[in-house]
Amino acid sequence: MRIREVTTVTCFHCGDPCAEERRIHEGKDFCCQGCEVVYDLLNESGLCDYYALEKQPGVKQRNTVDEQRTELFELAEVRERIVEFSEEGITRVRFHVPQMHCSSCIWLLENLHRIDPGVLRSRVDFTSKELTVTFKEERLTLGGLVKLLRRIGYGPQITAAKGGEKARTVPRIMYIRLGVAGFIFGNTMMFSFPEYLGAGVEAGLKTGFQWLTILFSLPVVFFLSTDFFKSAWAGIRSWQVNIDQPIALGIVALWTRSLWEVFSGSGPGYFDSLAGLLFFLLIGRWYQTYTYRALRFDRALEDFLPLVVLRRTVAGEEPVKVGALMPGDRIVIRDQELVPVDAILREGSAHIDNSFITGEPLATRKDIGETIRAGGRQRGAVIELEVLRTFADSRLKKLWAEQGSGQDRPAMPRMIDNVARRFTIAVLLISLGAGLYWWGKDSSQVWLVVTAVLIVACPCALALSMPFAYGHTIRSLGKQGLFLRDSEVVERMAHVDTVVFDKTGTLTAREAHLVQWKGARLTSIDRQRIRSMARNSTHPLSAVLCAELQGETLPAMDVQERAGQGIQGNIQGVALRLGSATYCGGDEAVRANGEAHVHVTNGGLHLGHFSIRKRARNGIAHAVARLRERMRVALLTGDGQVDTDLREVFKSALVRTGCSPVDKSNAVKDEQGRGHRVLMVGDGLNDAGALAQSDVSITVTETSAALTPASDAIMDAGSIVQLPHFLRVARRARRIVIASLFISLCYNITGVSFAVSGQLTPLIAAILMPLSSVTVVGFVTLAVTLAARNSRSEVGARSPQ
């Protein structure tokens, strides 16, 4: 039964007052039919946990005349702008959804697949208010997806500018507000001169200027302060405390007190302080926005992302960083390698696995001339692509970042969130207590003291400390060859107490020390076929054979590579296998000094094996020794033995030989079961499972685009000897965050003490507020820079000469 009546109760879905009508449905109040329908939809889909995360988190359902028509999203030019991927009926689209405002919004938007089975996956970027949805167009059209989002109150918008470009600059409205605030502040100070001069000023002039200050205060409150009011109201609606609530309360208190004094004739009010307050508050808000965005975009990703791909030139193939690729370049992609840029297939048979983009692990066949999107992974023989767009224009970094979006937040961000929330509650209680105290002592000081307390005690500096410390750390490490997925990886690195290394391709150098063939005599065509098959694999031993066996390459067909075993395929109609003895049907030979064996089967006949000896990278012994001073280290390898030099390096440490990819993952799990925080360092080929299992995973890259979704970081192979330095920088960054929190709390305690005692005016409090943010940012920037420099100096001083 549904009853309509005028009431003042709030809507169960959106929290707005039921001003025009009250609809009672299943014992709950709704303000309109739209909110009731959304509730029914969520209830039918089993998504009512949405209301448990936040109180009244929904968005009111409105039919606005400026809502963009669904048909617009089907236009070719619009699809080109918002569709990132569309193949084999699977489409990935990115929307701008300005309505999202809390954790319930994020939870609901990331559970769209439970509302409509046509949705495969949805991810939210809350900072930029963007929603990425992967769906099957045969079950749900793009227009249908837009209608679904509108039904639940999150209608997407088409914007003219690309989100990335727009995010690089401070919004224009912020500069307009700053200009208006400065103009009003200056003029209000001038209008207050008669009050400052005191006696000798005509009464009529004083009165006229007072009314002018009232007029100028209107845009201060109703234009300059709107962001603070909106944020405060959003927090109240969702029963959450945020840092803008005491500021909004202080603005209202100061303005109403000033109006009362002028209207009652008891004083001139504090309109000059109010104007100055907003001017300096906006300066602080601009500074935070500017520095956040500068920190996010002051480094070009392509400049130091150590992701490498083979580029074909006239002289042959050369490894280059993806940032150096230009349109028209030819690149070679081998089995299991990632396509780093949008490109066109020019040679070979492409079977592209787009699970990195869509989450669906089905390989799609591509023909010559077709476009392959960045993020696809080749499954099969080597292919040659022509670069279509630069890496800066690809979405590979955003795809990679999304892989970590579902992980639990580390303790430090949660701690700062809790501190800021409790701090705001404490400020409100202190301001209430100070107001009651001064009400009994000197009622004329109540509003000034309350406003000063509310303004000066701002936890903005608390919120700034962690992102700036970790953000600067990311930039510093990136310049040295370690690229982290996001800032929270820094904190997890700071807690690591066990480092596990893969051997081949990670600790050993790319170049072989010695390569010998043991078996039947190889003809020139045999060597050519072996080289051609090895060229299709990204395994370090295959790379050694490809470099050792000089000559032309032949096309390979039906190529399949099995992790930890080997690679097989057909060349000129002859079946060829390279890999372990078991995989190739040969007998395991005795190994000396940790040498690796690559067996060869040609046409079903086992021919013999290559014996490959590789040296450890220069500086590995010293790096491992430095690590062992403060944490546990371990070595996992698929080889039956460990080289003499590495055996000496890992003496008395955990060393496991003959490990399959599953064994490596289980070894990491065992360490975690003993309470250790594990950092796994591997090449991303035979150790993807171990990388996914570890607390922090680093993929070492040298001549292949071996980025895996599980990787928290990518490291240039030449920088692995700096791993002790990288971990030391992460630990120091965490200590810097704690120190900055202490500085911020000391500032707030001191400021509140002066404000409560009546020795601090609201204007001075407003000046101190942005200064506190500048102080914290300056301290963090200087401390991180010095910490990184000192850590490098320590490493250099202790390195063997």
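Residues numbered from 1 in each chain as written. Predicted model: local features only at pLDDT ≥ 70, side-chain atom pairs only at ≥ 80, totals over all residues. Heavy atoms only, no water.

Within the protein one finds 28 helices and 28 strands. A total of 801 residues make up the protein; the buried ones form 53% of that total. Taking as baseline every contact in the protein between residues at least 6 positions apart, the subset at least 24 positions apart corresponds to 66%. In the form shown here, the protein has an accessible surface area of approximately 35,100 Å², with 55% of it arising from carbon and sulfur atoms. (Helix = DSSP H or I, 4+ residues; strand = E, 2+ residues; numbered from the N terminus. Buried < 20%, exposed > 50% of the residue type's maximum accessible area, 1.4 Å probe, protein only. Contact = heavy atoms within 4.5 Å. Areas by Shrake-Rupley, 256 points an atom, 1.4 Å probe, with all protein chains shown as cover.)

Another aspect to go through is the pairing of strand β21 (residues 574-579). Summarising the sheet, strand β20 (residues 566-571) and β21 pair through 6 bridges and their orientation is antiparallel. Note on β21: the bridge partner recorded for asparagine 570 is alanine 575. As defined by bridge partners, β21 adjoins strand β22 (residues 596-602) across 4 bridges and the pair is classed as antiparallel. Residue leucine 576 lies in a different strand from β22, and its bridge partner there is asparagine 602. (Pairing = 2+ DSSP bridges.)

This paragraph deals with the sheet that holds strand β14 (residues 377-378). Taking strand neighbours across the sheet as the criterion, the 3 strands line up as β12-β11-β14 in an open arrangement whose pairing is antiparallel. Lying at the two open borders of the sheet, with one neighbouring strand each, are β12 (363-366) and β14.

With that settled, the discussion passes to the pairing of strand β3 (residues 83-87). Within β3, 4 of the 5 residues are buried, which leaves it mostly tucked inside the rest of the structure. Looking at chain direction, β3 and strand β4 (residues 90-96) are connected through 4 bridges and run antiparallel. When the bridges of β4 are listed, phenylalanine 85 appears paired with arginine 92. Hairpin connection between β3 and β4: a loop of 2 residues separates the two successive antiparallel strands, and glutamate 88 in this loop has a positive phi of roughly 50°.

Moving on, we get to the pattern of salt bridges. Across all of its chains, the model carries 15 salt bridges by this definition. Of the charged contacts, one joins arginine 373 and aspartate 342 as a salt bridge, the two residues approaching to 3.5 Å between their closest N and O atoms. Placement of the pair is arginine 373 in the loop between β13 (371-372) and β14 and aspartate 342 in the loop between β9 (330-333) and β10 (343-347), with a sequence separation of 31 residues. The class of arginine 373 is partly exposed, set by a relative accessible area of 29%. According to the relative accessible area criterion, aspartate 342 is buried, its value standing at 9%. Beyond isolated ion pairs, a larger network of salt bridges with shared partners links Arg311, Glu318 and Asp329. (Salt bridge = Lys/Arg side-chain N within 4 Å of Asp/Glu carboxyl O.)

In this section: helix α20 (residues 524-534). If you check which residues of α20 are buried, you get Asp526, Arg529, Ile530, Arg531, Ser532, Met533 and Ala534. Buried-residue contacts for α20 involve α21 (540-548), β20, β21, β22 and β23 (605-616).

One non-glycine residue, aspartate 558, lies in the positive phi region at around 50°. One can find aspartate 558 in strand β19 (residues 557-562). Assessed through its relative accessible area of 57%, aspartate 558 is described here as exposed.

Before going further, it helps to spend a moment on the sheet that holds strand β17 (residues 498-502). Taken in spatial order, the 7 strands line up as β16-β28-β27-β26-β17-β24-β25 in an open sheet, and their pairing is mixed. Each edge of the open sheet carries a strand with a single partner, namely β16 (482-484) and β25 (654-656). If you compare each strand with its neighbour and ignore which way they point, the axes differ by 20° on average. One ladder, built from 3 bridges, connects β16 with strand β28 (residues 713-716); its direction is antiparallel. Bridge pairing in β28 links leucine 484 to alanine 713. Most of the contacts of helix α25 (residues 661-673) go to strand β26 (residues 678-682), to which it runs at about 160°, and overall it touches β17, β24 (632-636), β25 and β26. (Axes fitted to C-alpha atoms, helices over the stretch in contact; angles between N-to-C directions.)

Turning to the packing of helix α17 (residues 446-456) against helix α27 (residues 723-756), a few remarks are in order. Interhelical geometry of α17 versus α27 gives an angle of 175° and a closest axis separation of 8 Å. Taken together, α17 and α27 sit at an angle that is classed as roughly antiparallel. The segment α17 lies against α27, with Val449, Ala452, Val453 and Val456 engaging Tyr747, Asn748, Gly751, Val752, Ala755 and Val756. (Parallel < 35°, antiparallel > 145°, perpendicular 65-115°, else oblique.)

It is worth spelling out the confidence of the model for the protein at this point. Considering every residue of the protein, the mean pLDDT works out to 76; 74% of them sit at 70 or more. Low confidence marks residues 62-67, where pLDDT is under 50. Its contacts with residues over four positions away, or in another chain, come to 3 contacts. (pLDDT = per-residue confidence, 0-100.)

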